[in-house]
Amino acid sequence: MEVAATLLLPLLGALVLAFYGARRAAPEVNAAFSLATLIAAGALTARVIADGPMLVWGEQFFVDSFNVFLVALTAFVGFTTALFSRPYMRVERDHGRVTARRMRLYHSMYQLFMATMLVALLTNNMGVMWIALEAATLSTVLLVSLYRTAASLEAAWKYFILCGVGIAQALFGTILLYFAAEKLLGADGMQALLWTRLDAIKMQLEPQVLGLAFVFLLVGYGTKVGLVPLHSWLPDAHAEGPTPISAVLSGLLLNVALYIVIRCKVLVEGSLGSALPGQMLMGFGILSVVIAALFLYRQRDIKRLFAWSSIEHMGIITFAFGMGGPVANFAALLHMTLHSLTKSAIFFAVGHAAQKAGTQMMDDIRGLVVQNPTVGWGLMLGTIAILGVPPFGVFASEFLILTTAMQQQPWAAPLLLAAIGIAFAAIFGQVQPMVFGEPNGRRLPHPPALIPVFVHLGLVLLLGLYIPPWLADWYRGAAALIGALP
Amino acid sequence: MINLCAAVLLLLSFAMISQRRTVALVDLFTAQGVTLAVSTLVVALGTGQRHMYYSAALTFALKVIVLPVILRRLIRRLGVQWEAESRLDVTVTMIIGLLVVIFAFGLAEPISALATTVTRSTLGIALAVVLLSFLMMITRRKAVSQVIGFLAMENGLFFAAASATYGMPMLIEFGIALDVLVAVFVLGVFFFQIREQFDSLDLQHLESLKEK
């Protein structure tokens, strides 16, 4: 029941907004549907906390402690982003950057994007997971090119082609997985693609096939996560699309893709009985962290800067999942949540800052705190939070990941530490003059939508000071589910 | 019979990577679709798997009728019938293509050994088709050619699924077909946007976003 509501509400929203998305009230309708989805997801979460994992509709959908927290997070950030996009997109429309028809496209695709992500999270079927993730790409391609500028078209084209090729690799991986499982589970029905069934028999799956499958799955879905060297679509797509879309791409889609990678890793690790999948994740992770840190220095565009920072953080999370073990998994899940909240908050603030300055070039954005103090402080606090300064929560998760790395993978700890240090210097050095420098330009002519920014940052702060016991249990349950080899 | 189809499929892939003209690529893509549908039908007849009949019908409808029609209409409306790749070194591409095929066979060897289907020997070819299409996407500069490469890659994947496991479950195949169809529609819209902006579908214009 709750599952159905969570999945169907955004779909219904997409349909309604496909007709009425150009109306004056469409942004409110968009936010209302997102709120309804959030309520349904909240009910689902409450139910799962009370009753434990559940399977619905002939085992095609399932909810356990790993995906339910991502469902709640996705619905929450989806709602706050809809709130932020209300005034933001109105201003864009008044400036003539988007027409009424494109507003309709935007609102409808926004809801559809939410629906596809929720399907990808909730489905138990590896095939449906693939379909949903591909649909998520398709629904956002035209949003990245919403402004129809040369740069945005190029970004959308790259996004489509690279993710399309990536996801084709993942399909091959899925075929191999099905091939290995079909012998044990039978070809009739969809048994052989159900994750719970696969998980139950993972020890008997042919290791050779699964090893090969994992390479394809990791490269395929890893493209969507933005792991280096498969990342080159990410900064472009984040920088050229409308800011609300940057926020949901960075805060949600990357998480969903990583979630699928981890689901695959659990299966393959069980079959291979070795740490190879974990080592591959660690390799990709550390490479992403280091490369991203080096590229952060060279950015001139503020949205590109934070897109690269997303690559860095996805690298950290992937590395932590690669190490495995209860503590690292716990930290990785926590970091996923915190990165999602913080990064979307930053993009909200960045959106207003860029609207005020009329440009995304960092050299032309100055003195935010003088002319629009709330935007300036929002950006500053968000930046401090994402850089892992205590007492914000990111500090706690990064600290956990680093200390675990020192114990388990001592070679990686200095690399991680150096990369985090470089990223700190690069981002802080760029943001500081934007917030506190000599003001230029004019004030933002309309009131910014900053409630989402401060709500997100407040949550991040709260999680840094105190993690409620039920949430900790929840993470622990998910971490145990992901498990790891001893 | 299956092996014959597989061989034709591989040949068509090679023809595609060496073909410069966009319209001819659509013809080759259609031929690939026909081969795919025939081979699926042959497997269906041979094994009596009911869902393979549906799968063959779906392949025929989508890859022989719908997609080529859409592509042709797009090409006509965009007026790029006579467009050809200018920067394409056929000899080098062919040699790389050969290496790719050897690599694909090597990769598929251990998997084919485990398969129980009658079609297992064709898995190497399926993988080769996927990788050749990938090669085609890398070497092309025209937007339409890249998309055909993308679709050919999906053909290879479909063939891989058919030869290793007699196809994925029906519902999944429908989902994948739907995604492909939507992708082509989205790209159609996209082509017009690109042309409106640049007056051409040459991807050379799309190379300004780089890390400086």
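Data block above holds the structure.
Residues numbered from 1 in each chain as written. Chains lettered and ligands numbered in written order. Predicted model: local features only at pLDDT ≥ 70, side-chain atom pairs only at ≥ 80, totals over all residues. Heavy atoms only, no water.

A closer look at the overall build of chain B
Right, on to step 1. Of the regular secondary structure elements, chain B holds seven helices and zero strands.
Right, on to step 2. Reading chain B from its N end, one meets helices and strands in the order α-α-α-α-α-α-α.
Right, on to step 3. Since a compact globule built from 212 residues should have a radius of gyration of about 17 Å, the 18 Å found for chain B is in line with a globular shape.
Right, on to step 4. A principal-axis box enclosing the C-alpha atoms of chain B has dimensions of 50 × 35 × 30 Å.
Right, on to step 5. For chain B, buried positions account for 58% of its 212 residues.
Right, on to step 6. The contacts of chain B with a sequence gap of at least 6 include a subset with a gap of at least 24, amounting to 77%.
Right, on to step 7. Here chain B contributes 16 positive and 13 negative side-chain charges, whose respective centroids are spaced 5 Å apart. (Helix = DSSP H or I, 4+ residues; strand = E, 2+ residues; numbered from the N terminus. Rg over C-alpha atoms; globule rule 2.2 N^0.38 Å. Buried < 20%, exposed > 50% of the residue type's maximum accessible area, 1.4 Å probe, protein only. Contact = heavy atoms within 4.5 Å. Lys, Arg positive; Asp, Glu negative; His and termini not counted. Charge placed at Lys NZ, Arg CZ, Asp CG, Glu CD.)

Structural notes on the overall build of chain A
Right, on to step 1. Broken down by element type, chain A carries 19 helices and two strands.
Right, on to step 2. For a compact globule of 486 residues, the expected C-alpha radius of gyration is about 23 Å, and chain A comes in at 21 Å, within 12% of that figure.
Right, on to step 3. With respect to the principal axes defined by its C-alpha atoms, chain A has extents near 65 × 55 × 45 Å.
Right, on to step 4. Here chain A holds 486 residues, and the buried ones make up 66% of them.
Right, on to step 5. Pairs at least 24 apart in sequence give 82% of the contacts found in chain A among residues at least 6 apart.
Right, on to step 6. Working note: accessible area of chain A is about 14900 Å², and carbon and sulfur atoms make up 68% of it.
Right, on to step 7. Each charge class in chain A can be summarised by its mean position, and for the 28 positive and 23 negative side chains these summaries are 9 Å apart. (Areas by Shrake-Rupley, 256 points an atom, 1.4 Å probe, with all protein chains shown as cover.)

Overview of the layout of surface pockets
To find the voids left in a structure, one rolls a probe of water-molecule size over its atoms.
Right, on to step 1. By volume, the largest pocket amounts to about 1000 Å³.
Right, on to step 2. Around the largest pocket, the lining is made up of 36 residues, and of these Met-109, Leu-112, Ala-135 and Ser-139 of chain A together with Val-182 of chain B lie nearest the centre.
Right, on to step 3. The calculated volume of the second largest pocket comes to roughly 830 Å³.
Right, on to step 4. A total of eight residues in the lining of the second largest pocket trace back to one element, the largest contributor, which is helix 6 (residues 150-185) of chain A.
Right, on to step 5. When the residues that make up the lining of the second largest pocket are grouped by side-chain class, the tally is 21 nonpolar, six polar and nine charged. (1 Å grid on protein atoms, 1.4 Å probe; cavity = no way out; pocket = protein on both sides within 12 Å on 5 of 7 lines; lining within 4 Å. Points joined across faces, edges and corners; volume = space filled by probe spheres on them. Nonpolar A, V, L, I, M, F, W, Y, C, P; charged D, E, K, R; others polar.)

Considering the interface of chain A and chain B
Right, on to step 1. Taken together, the contacts link 51 residues of chain A with 46 residues of chain B.
Right, on to step 2. Of the roughly 4300 Å² buried between chain A and chain B on both sides combined, carbon and sulfur atoms contribute 76%.
Right, on to step 3. Broken down residue by residue, the surface that chain A buries against chain B is led by Glu-154, Trp-157 and Phe-179 of chain A, which jointly contribute 17%.
Right, on to step 4. Across the contact surface, chain A and chain B share zero salt bridges. (Buried area = accessible area lost by both parts, 1.4 Å probe. Salt bridge = Lys/Arg side-chain N within 4 Å of Asp/Glu carboxyl O.)

Some remarks on a nonpolar patch on the surface
All names here are of chain B.
Right, on to step 1. Among the surface-exposed residues, Met-1, Leu-4, Val-8, Val-34 and Val-38 lie close enough to one another that they form a single nonpolar patch of about 410 Å² accessible area.
Right, on to step 2. Every element with two or more residues in the nonpolar patch is listed here: helix 1 (2-18) and helix 2 (22-47).
Right, on to step 3. Residue position: Val-8 is located in helix 1. (Patch = residues over 30% accessible without salt bridge, like charges linked within 9 Å, V, L, I, M, F, W, Y side chains within 5 Å.)

Focus: the pattern of salt bridges
Residue and element names in this part refer to chain A.
Right, on to step 1. Considering all chains together, one arrives at 14 salt bridges over all chains under this definition.
Right, on to step 2. A salt bridge links Arg-476 to Asp-473, with the shortest nitrogen-to-oxygen separation between them at 3.2 Å. Of this pair, Arg-476 and Asp-473 both sit in helix 19 (residues 469-482), three residues apart, roughly one helical turn.
Right, on to step 3. Overall, the relative accessible area of 49% leaves Arg-476 in the partly exposed class.
Right, on to step 4. Take Asp-473: its relative accessible area is 47%, and that puts it in the partly exposed class.
Right, on to step 5. Among the charged side chains, a salt-bridge network with shared partners connects Glu-2, Arg-47 and Asp-51.

Looking at the environment of Val-80 of chain B
All names here are of chain B.
Right, on to step 1. Turning to its location among the elements, Val-80 is positioned in the loop between helix 3 (50-78) and helix 4 (90-114).
Right, on to step 2. The exposure class assigned to Val-80 is buried, which follows from its relative accessible area of 9%.
Right, on to step 3. Linking Val-80 and Leu-25, residues 55 residues apart in sequence, is a C-alpha distance of 12 Å.
Right, on to step 4. For Val-80, the contacting residues outside a window of four places in its chain are Thr-22, Ile-75 and Leu-201.

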